[in-house]
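# Examining the three-dimensional arrangement
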Amino acid sequence: MCLHLAGEQQTRGHDVLIHFFEAGAASEKAQAMGIKVTIQNVTTYSRSARWKALSNGLRRDLQVHPPDIIHSHVPLTNVICHRVAPKLKIPWVCTSHGSWRQFGYAPQTVRQPWLKPYLQIRHAVGDRLATRSAVRIAAVAESVKRDLMKVGVPEEKIVTIHNGLPPNPHPL
């Protein structure tokens, strides 16, 4: 969906840049579509050093290529954008594709049932903290919106935009 959104924006005349935290199939496809791409590969860093490296790398890219708006799509990028966007005074919108509730049904909870409440609490707190500085939050379903509100995200910050199929989807 991210590539489709970026491609649509580009065809409408917008200058689009996607910042990837690692190289892979998505970054290659974006480049093949003619979308400007920056890749920050930090897989060799320790976990604690990785957060700082990701934040610093995104901050550098945003200073070199100042955008009108930042749009993040997954929990990791939401946390990084929360750390970077307010300091650069760039409006930031994030999309919440799922609810913190879903993490209670991760495969590892079958053998370790104590993980269910831990994962749900961790992701609920993460959703609340990571989205504090977002200007708007796009929830992909009303149930996601309700769950964000349950952890304290103000309703006026959330808009529901259902995921859809591209106008000309490729056959499966």
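Note that this is a predicted model, so its numbers are computed, not measured.

Moving on, we get to the layout of surface pockets. Put simply, the largest pocket is a space of about 1300 Å³. Lining the largest pocket are 40 residues, with Cys2, Leu17, Ile18, His19 and His71 sitting closest to its centre. Mapped by element, the contributors of at least two residues to the lining of the largest pocket are helix 1 (2–11), strand 1 (17–20), helix 2 (25–32), helix 3 (47–64), strand 3 (70–72) and helix 4 (75–88). Ranked by residues supplied to the lining of the largest pocket, first place goes to helix 1 with five residues. Of the residues contributing to the lining of the largest pocket, the split by class is 23 nonpolar, eleven polar and six charged.

Bringing unusual backbone geometry into the picture now. In this structure, lysine 89 takes a positive phi of about 55 degrees despite not being glycine. Inspection of the secondary structure assignment puts lysine 89 in the loop between helix 4 and strand 4 (92–96).

Another aspect to go through is a nonpolar patch on the surface. Together, Ile121, Val125 and Leu129 line one region of the surface with nonpolar side chains, adding up to about 260 Å² of accessible area. Inspection of the secondary structure assignment puts isoleucine 121 in helix 5 (residues 115–130).

Pairing is parallel in the open sheet, where four strands are placed in the order 3-4-5-6. Since the sheet does not close on itself, it has two edges, and those belong to strand 3 and strand 6 (158–160), each with one partner. Neighbour-to-neighbour, the strand axes of the sheet open up by a mean angle of 20 degrees, direction not taken into account.

So, on to the pattern of salt bridges. Throughout the structure, instances matching the rule amount to four salt bridges. Residue arginine 12 is joined to glutamate 8 by a salt bridge in which the shortest nitrogen-to-oxygen separation is 3.7 Å. Residue arginine 12 is classed as exposed on the basis of its relative accessible area, which comes to 60%. Judged by relative accessible area, which is 27%, glutamate 8 ranks as partly exposed. Notably, a salt bridge pairs aspartate 15 with lysine 36, separated by 2.6 Å at the nearest N-O pair. Remark: lysine 36 occurs in strand 2 (residues 36–39) and aspartate 15 occurs in the loop between helix 1 and strand 1; sequence separation between them is 21 residues. Overall, the relative accessible area of 64% leaves aspartate 15 in the exposed class. Owing to a relative accessible area of 40%, lysine 36 belongs among the partly exposed residues under this scheme.

In this section: the environment of glutamine 40. Assignment of secondary structure puts glutamine 40 in the loop between strand 2 and helix 3. Note: C-alpha distance between glutamine 40 and glutamate 155 (115 residues apart in sequence) is 34 Å. Sequence-distant contacts of glutamine 40, that is, excluding residues within four places in its chain, are made with His19, Phe20, Phe21, Glu22, Ala53, Leu54, Gly57 and Leu58.

The next thing to look at is the side chain of serine 27. Examined against the element boundaries, serine 27 turns out to sit in helix 2. Reaching out from serine 27, the side chain makes a polar contact with the backbone oxygen of glycine 24 at a distance of 2.9 Å.

Calculation rules
Residues numbered from 1 in each chain as written. Predicted model: local features only at pLDDT ≥ 70, side-chain atom pairs only at ≥ 80, totals over all residues. Heavy atoms only, no water. 1 Å grid on protein atoms, 1.4 Å probe; cavity = no way out; pocket = protein on both sides within 12 Å on 5 of 7 lines; lining within 4 Å. Points joined across faces, edges and corners; volume = space filled by probe spheres on them. Helix = DSSP H or I, 4+ residues; strand = E, 2+ residues; numbered from the N terminus. Nonpolar A, V, L, I, M, F, W, Y, C, P; charged D, E, K, R; others polar. Patch = residues over 30% accessible without salt bridge, like charges linked within 9 Å, V, L, I, M, F, W, Y side chains within 5 Å. Areas by Shrake-Rupley, 256 points an atom, 1.4 Å probe, with all protein chains shown as cover. Salt bridge = Lys/Arg side-chain N within 4 Å of Asp/Glu carboxyl O. Pairing = 2+ DSSP bridges. Axes fitted to C-alpha atoms, helices over the stretch in contact; angles between N-to-C directions. Buried < 20%, exposed > 50% of the residue type's maximum accessible area, 1.4 Å probe, protein only. Contact = heavy atoms within 4.5 Å. Polar contact = N/O pair within 3.5 Å; in protein donor to acceptor, adjacent residues only side chain to side chain.

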